[in-house]
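Here are the chains, one letter per residue:
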Protein chains: 2
Amino acid sequence: MTKTSEAKIVAAARRIVREQGCEALTQRAVAAAVGVKAPSLYKRFRDKAALLGAVRAEAFVDLEARLRAAAQGQPPAAAFLRIAAAFRAFAAECPDLYRLMFDPALQSADRAAESRALAPFEAALRNIVGAGQGASAAHAALSLLHGFVRLEIDGAAPSPGPHDEAFHFAVFALLQGMAQSEAKEPAPNAA
Amino acid sequence: MTKTSEAKIVAAARRIVREQGCEALTQRAVAAAVGVKAPSLYKRFRDKAALLGAVRAEAFVDLEARLRAAAQGQPPAAAFLRIAAAFRAFAAECPDLYRLMFDPALQSADRAAESRALAPFEAALRNIVGAGQGASAAHAALSLLHGFVRLEIDGAAPSPGPHDEAFHFAVFALLQGMAQSEAKEPAPNAA
DNA sequence: GTCTATACGACGATAGAC
DNA sequence: GTCTATCGTCGTATAGAC
């Protein structure tokens with residue numbers, strides 16, 4: 001007498017987040033979406049955090065696929081620019097899911113999911129920056145993109161209108177700067 | 001028979017956010033902190049959102065002061081580097097207040113507060129990038145810093161340890177790239 | 001495995017006495 | 001302006017029948 005399954009529950013939760021936002025994601029709502037009552041969810045997921053963790057992990061898998069597809073067959077610099085655009089597009093399409101993925105309350109759960117999803121960054125940047133700076137470059141790129149899209153989806157960007165020009169400027173400037181850092185010293189540790 | 005005031009309420013709310021986090025900021029907690037009962041708060045602030053707006057505005061004023069102080073008397077590039085460090089330090093000191101400042105649910109409230117606080121960015125960058133690119137440069141810088149500190153305070157940074165090296169790398173790369181964009185064309189609008 | 005029923009708590013906000 | 005008392009809502013989670 002199984003009326004649902006883990007996969008269906010996760011899918012329903014994800015749909016709710018995408019269509020109605022993080023705040024609408026209650027156990028009752030998820031249960032209703034899969035055609036059961038709230039208590040039944042506790043047979044599949046220990047608690048709400050476990051369910052959110054599953055949603056989050058699935059979302060990171062999707063993000064990774066999109067970043068990989070964007071970089072596919074491109075030379076490093078072009079790959080980075082396309083990854084950046086794909087990252088922004090992902091966040092724009094499902095801002096609430098994006099917020100969930102980086103929700104501070106869930107970070108402790110599954111760090112591996114995020115790492116895997118961001119591997120394309122380092123892959124593209126490794127051949128752009130100097131040896132041993134791949135990790136820093138990936139961190140820098142993620143910071144820029146994460147900050148930009150968060151400001152954008154949160155309505156906190158400095159200017160109100162469309163931000164395409166600012167986005168291109170920012171991504172291009174960082175790429176240029178990172179490409180040059182190759183020859184420089186590896187970041188002095190000034191206190 | 002005034003046992004409290006707007007200023008004391010805002011200060012108490014801010015202290016709660018800093019010391020116990022955003023989630024601990026309830027009307028009851030604020031009231032208790034100033035020595036009254038929850039209903040009394042509604043004589044001073046129409047609702048919770050109004051109170052949060054006041055807290056947020058005050059926080060932006062403080063941030064602005066710190067950024068200005070950091071840039072004080074410095075040449076543009078040094079000013080930018082010091083502003084970046086001050087921005088990061090602010091977020092590190094009071095991460096929950098920082099989250100509140102950029103809370104998507106409050107963005108509609110007072111956009112001017114944020115704009116004013118970020119003026120030092122544009123002031124420092126105006127003489128680094130080409131004419132007419134000041135706004136984009138400020139947007140790019142804010143994006144990088146916002147993204148970096150959010151990843152850091154949310155525990156979502158790619159690497160676990162301290163991130164000083166990555167921070168310096170990122171800020172320096174962006175600065176370098178922006179300085180060079182001066183001679184380039186103003187960002188093509190490729191779809 | 002699903003259900004009904006419910007415990008339990010927290011929250012924001014209001015009404016009305018003093 | 002402050003209080004007591006309370007409303008109404010929503011949330012997670014559990015107990016126990018079927």
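Because the structure is a prediction, the values reported are computed rather than measured.

Okay, the protein's contact with DNA strand D next. As a matter of local geometry, DNA strand D sits amid 18 residues, with A:Thr26, A:Arg28, B:Lys3, B:Lys37 and B:Lys43 nearest to it. The sugar and phosphate moieties of DNA strand D supply 62% of its atoms located within 4 Å of the protein. In the environment of DNA strand D, a phosphate oxygen lies 2.6 Å from a nitrogen or oxygen atom belonging to the backbone of B:Lys3. Its residues assigned to classes, the surface near DNA strand D comprises five nonpolar, six polar and seven charged.

With that out of the way, let us pick up the pattern of salt bridges. Residues and elements named next belong to chain B. All told, the structure shown has 24 salt bridges over all chains when counted by the stated rule. Residue Asp-154 pairs with Arg-99 through a salt bridge whose shortest N-O separation is 2.9 Å. Linking Asp-154 in the loop between helix 9 (134-153) and helix 10 (164-180) with Arg-99 in helix 6 (residues 95-101), this pair joins segments that are 55 residues apart in sequence. Residue classification places Asp-154 among the buried residues on the basis of a relative accessible area of 4%.

The next thing to look at is the nonpolar core. Counting 136 residues, the largest nonpolar core has A:Phe87, A:Met178 and B:Phe87 as its most contacted members. For A:Phe87, the contacting residues outside a window of four places in its chain are A:Leu63, A:Leu67, A:Tyr98, A:Leu118, A:Phe121, A:Leu142, A:Leu145, A:His146 and A:Val149.

Once chain A is rotated about the relating axis by 180 degrees and shifted along it by 0.0 Å, it coincides with chain B to within an RMSD of 0.0 Å. Read as a symmetry element, the transformation amounts to a two-fold axis. Both copies share a contact surface, since 98% of the interface residues of chain A are interface residues in chain B too.

What follows is about the domain arrangement of chain A. Residue and element names in this part refer to chain A. As assigned here, chain A comprises domain 1 (1-46) and domain 2 (59-181). The partner domain 2 presents eight residues to the five residues of domain 1 that form the contact. It is Arg-14, Arg-18 and Cys-22 in domain 1 that bury the most area against domain 2; as a group they hold 74% of the surface buried on that side. Where domain 1 meets domain 2, there are one salt bridge. Tallied by class, the residues present in the side of domain 1 that touches domain 2 amount to two nonpolar, one polar and two charged.

On to the packing of aromatic side chains, then. Scanning the entire structure with this criterion turns up ten aromatic pairs over all chains. The interplanar angle of 75 degrees and the centroid separation of 5.7 Å between the aromatic rings of B:Phe60 and B:Phe102 together place this pair among those described as edge-to-face. Here B:Phe102 lies in the loop between helix 6 and helix 7 (111-117) and B:Phe60 lies in helix 4 (residues 48-71), a separation of 42 residues in the sequence. Accessibility classification places B:Phe60 together with B:Phe102 in one group, the buried group. Note on B:Phe87 and B:Tyr98: the rings are 5.7 Å apart at their centroids and 90 degrees apart in plane angle, and the pair reads as edge-to-face. Taken as a pair, B:Phe87 in helix 5 (residues 76-93) and B:Tyr98 in helix 6 lie far apart in primary sequence, eleven residues in all. Look at B:Tyr98 and you get buried, because its relative accessible area is 0%. Every member of this aromatic cluster is reached through a ring pair, and the members are A:Phe60, A:Phe87, A:Tyr98, A:Phe102 and A:Phe121. The ring of A:Phe167 is capped by A:Arg88, whose NZ or CZ atom sits 4.7 Å from the centre of that ring.

With that out of the way, let us pick up the interface of chain A and chain B. Contacts between chain A and chain B engage 44 residues on the former and 43 residues on the latter. Both sides together, the interface formed by chain A and chain B hides about 4,000 Å², and carbon and sulfur atoms give 63% of it. Considering only the side of chain A, the residues that lose the most area to chain B are A:His139, A:Phe169 and A:Gln176, jointly responsible for 17% of the buried surface there. Taken together, chain A and chain B are joined by five residue pairs in polar contact (both at pLDDT 80 or more). Of all the secondary structure elements, the ones that give two or more residues to the side of chain A that touches chain B are helix 7 (111-117), helix 9 (134-153) and helix 10 (164-180) of chain A. With twelve residues, the single largest contributor to the side of chain A that touches chain B is helix 9 of chain A. Of the residues contributing to the side of chain A that touches chain B, the split by class is 22 nonpolar, 15 polar and seven charged.

What counts, and where the lines are drawn
- Residues numbered from 1 in each chain as written.
- Chains lettered and ligands numbered in written order.
- Predicted model: local features only at pLDDT ≥ 70, side-chain atom pairs only at ≥ 80, totals over all residues.
- Heavy atoms only, no water.
- Near = heavy atom within 4 Å.
- Polar contact = N/O pair within 3.5 Å; in protein donor to acceptor, adjacent residues only side chain to side chain.
- Nonpolar A, V, L, I, M, F, W, Y, C, P; charged D, E, K, R; others polar.
- Salt bridge = Lys/Arg side-chain N within 4 Å of Asp/Glu carboxyl O.
- Helix = DSSP H or I, 4+ residues; strand = E, 2+ residues; numbered from the N terminus.
- Buried < 20%, exposed > 50% of the residue type's maximum accessible area, 1.4 Å probe, protein only.
- Core = buried A, V, L, I, M, F, W, Y, C linked by side-chain atoms within 4.5 Å.
- Contact = heavy atoms within 4.5 Å.
- Least-squares fit on C-alpha atoms with pLDDT ≥ 70 in both.
- Domains from an automatic or database assignment.
- Buried area = accessible area lost by both parts, 1.4 Å probe.
- Phe/Tyr/Trp six-rings, centres within 6.5 Å; stacked < 30°, edge-to-face > 60°.
- Lys NZ or Arg CZ within 6 Å of the ring centre and 35° of its normal.

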